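Analysis of the macromolecular model
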Amino acid sequence: MRIYSRIIGTGSYLPEKRLTNADLAAELAQQGVETSDDWIVERTGIRARHFAADHQACSDLATEAARKALDAAGLAAHDIDLIIVGTSTPDMVFPSVATMVQHKLGTAGCPAFDLQAVCSGFIYALTVADAMIQSGSAKRALVIGAEVFSRILDFKDRTTCVLFGDGAGAVVLEASGEPGVLATDLHADGKYKDILCVPGHVNRGGILGDPVLKMDGQAVFKLAVGVLEETARASLAKANLTDADIDWLIPHQANIRIMQSTAKKLKLGPDKVVVTVDQHGNTSAASIPLALDTAVRDGRIQRGQTLMLEGVGGGFTWGSVLLRY
Ligand code: UT7
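Since we're looking at a predicted model, the values are computed, not measured.

Near the ligand, the surroundings consist of 22 residues, among which Thr35, Arg158, Gln218, Asn255 and Asn282 are the closest. Contacts to the ligand include Asn282, whose side-chain N or O atom sits 2.6 Å from an oxygen atom. Burial of the ligand by the protein amounts to 74% of the accessible area it has alone, namely 960 Å². If you list the elements that add at least two residues to the shell around the ligand, you get helix H2 (37-44), helix H6 (158-161), helix H7 (217-238) and helix H8 (256-265). It is H7 that provides the largest number of residues to the shell around the ligand, a total of 4 residues. For the shell around the ligand, the class distribution of residues is 10 nonpolar, 8 polar and 4 charged.

What follows is the structure, encoded as structure tokens:
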């Protein structure tokens, strides 16, 4: 009998501090940086984002989301035998956020590691956890996407600093005879490293290079709309399903225009797309599990429905997970 991995609980966490576009525009104006609610809404669909408090690290956000996912699954931390955190904004160079989450949850022993695929981080992490469950090396995995992108933004660069927010989302995946994850599809192409990157890094006791996010927005936009359609189609083909079988599209939440374009290509109406970018901004690896948890908790996503999760981000990396919820 085939072993599937099934989502048995979801959770998410947003830091308390919420800034509307007007709040952010007012803060930026004090530094001579000009932007407006109108520009941000029209070009991105973003209306607000959350920023972590100074004392909060990525592992704090991840742990909050993990606790909620465990509660939803009716499990305790010691029931988990694998922890993977998708993140590009870890607390430290090492150890991993995943080992910190493990400790903060009060458990020990199971494998725990981070997976760095920027905004595709959760899709990559879910795919790896699914493979480990299918192979029998794990039975109950905690898969988390968590980011504090506010720490790597250049607040003098209006083309990027208005786009991102902080947050975390998590799922508990369990081995099951019933689907479950139906198909996964992952890709990367390293030649695009310069269009979305944080070039700075730790070097001999200092930081070498600029440790803030750099993005060629238009180049990323163009690539994103192409690969998101391709990867969705690849997952559908692997599962012998078609566009019409998708109940909910849960795309990476970067820009409403990219999401609408993907939905149109997949012949899905706006009523089939989970949108949280308006309230969360782009939370990178956290955006998909945050959107998933939002729609599970408000009752839109129901058991038995078919979900298409897909992401794209720095690297370039992209991929999708098609699953029966
Ligand atoms: O998570 C990883 C994936 N990331 C993405 O998917 C991001 C993909 N890219 C995008 O979402 C869009 O390209 C952006 C939202 C980043 C930019 O939108 P755009 O429609 O491509 O705008 P643009 O870069 O062509 O800029 C248009 C104008 C420029 O002014 P000029 O040169 O036409 O005078 C910019 O200087 O808008 C100006 N601008 C702003 N104005 C007010 C750029 N940022 C701002 C701002 N406020 N924050």
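Our next topic: the packing of helix H3 (residues 58-73) against helix H4 (residues 97-104). The packing of two helices is summarised by the inter-axis angle and the distance between the axes. The contact between H3 and H4 brings their axes to 9 Å, and the two run at 55 degrees. Compared by their axis directions, H3 and H4 come out oblique. Of the two possible hands of crossing, H3 and H4 adopt the one that is right-handed. Between H3 and H4, the contacting residues are Cys58, Ser59, Asp60, Ala62, Thr63, Ala66 and Arg67 on the first element and Val97, Met100, Val101 and Lys104 on the second. Here the residues of the contact of H3 with H4 sort into 6 nonpolar, 2 polar and 3 charged.

Okay, the pairing of strand S14 (residues 306-313) next. In terms of burial, S14 is largely enclosed, as 8 of its 8 residues are buried. Of the two faces of S14, both are covered, the one formed by Thr306, Met308, Glu310 and Val312 as well as the one formed by Leu307, Leu309, Gly311 and Gly313. Sheet topology places strand S13 (residues 248-251) next to S14; 4 bridges connect them, and they run parallel. Bridging from a neighbouring strand, Pro251 pairs with Glu310 of S14. Bridge count for S14 against strand S15 (residues 317-324) is 8 bridges, and the pairing is antiparallel. Bridge pairing in S15 links Glu310 to Ser320. Hairpin connection, S14 to S15: the antiparallel pair is bridged by 3 residues, and Gly315 has positive phi, about 140 degrees.

Our focus in this paragraph is the packing of aromatic side chains. Any aromatic ring pair is given by two values, namely how distant the centres are and how the planes are angled relative to each other. Inspection of every chain in the model, using the stated rule, returns 3 aromatic pairs. Judged by centre distance (6.0 Å) and plane angle (80 degrees), the ring pair of Phe51 and Phe155 falls under edge-to-face. Of this pair, Phe51 sits in strand S3 (residues 48-51) while Phe155 sits in the loop between strand S6 (140-148) and H6, and the two are 104 residues apart along the sequence. With centroids separated by 6.0 Å and ring planes inclined at 65 degrees, the aromatic side chains of Tyr192 and Phe316 adopt a geometry described as edge-to-face. Remark: Phe316 occurs in the loop between S14 and S15 and Tyr192 occurs in the loop between strand S8 (181-188) and strand S9 (196-197); sequence separation between them is 124 residues. Overall, Tyr192 belongs to the partly exposed group, its relative accessible area being 26%.

Once that is clear, we can look at the side chain of Gln102. One can find Gln102 in helix H4. Judged by relative accessible area, which is 10%, Gln102 ranks as buried. At 2.8 Å, the side chain of Gln102 and the backbone oxygen of Cys110 are in polar contact. Setting aside chain neighbours within four positions, we find Gln102 in contact with Ile83, Thr107, Ala108, Gly109, Cys110 and Ala112.

About the criteria used
Residues numbered from 1 in each chain as written. Predicted model: local features only at pLDDT ≥ 70, side-chain atom pairs only at ≥ 80, totals over all residues. Heavy atoms only, no water. Near = heavy atom within 4 Å. Polar contact = N/O pair within 3.5 Å; in protein donor to acceptor, adjacent residues only side chain to side chain. Areas by Shrake-Rupley, 256 points an atom, 1.4 Å probe, with all protein chains shown as cover. Helix = DSSP H or I, 4+ residues; strand = E, 2+ residues; numbered from the N terminus. Nonpolar A, V, L, I, M, F, W, Y, C, P; charged D, E, K, R; others polar. Axes fitted to C-alpha atoms, helices over the stretch in contact; angles between N-to-C directions. Parallel < 35°, antiparallel > 145°, perpendicular 65-115°, else oblique. Left-handed = near helix turned anticlockwise from the far one by under 90°. Contact = heavy atoms within 4.5 Å. Buried < 20%, exposed > 50% of the residue type's maximum accessible area, 1.4 Å probe, protein only. Pairing = 2+ DSSP bridges. Phe/Tyr/Trp six-rings, centres within 6.5 Å; stacked < 30°, edge-to-face > 60°.

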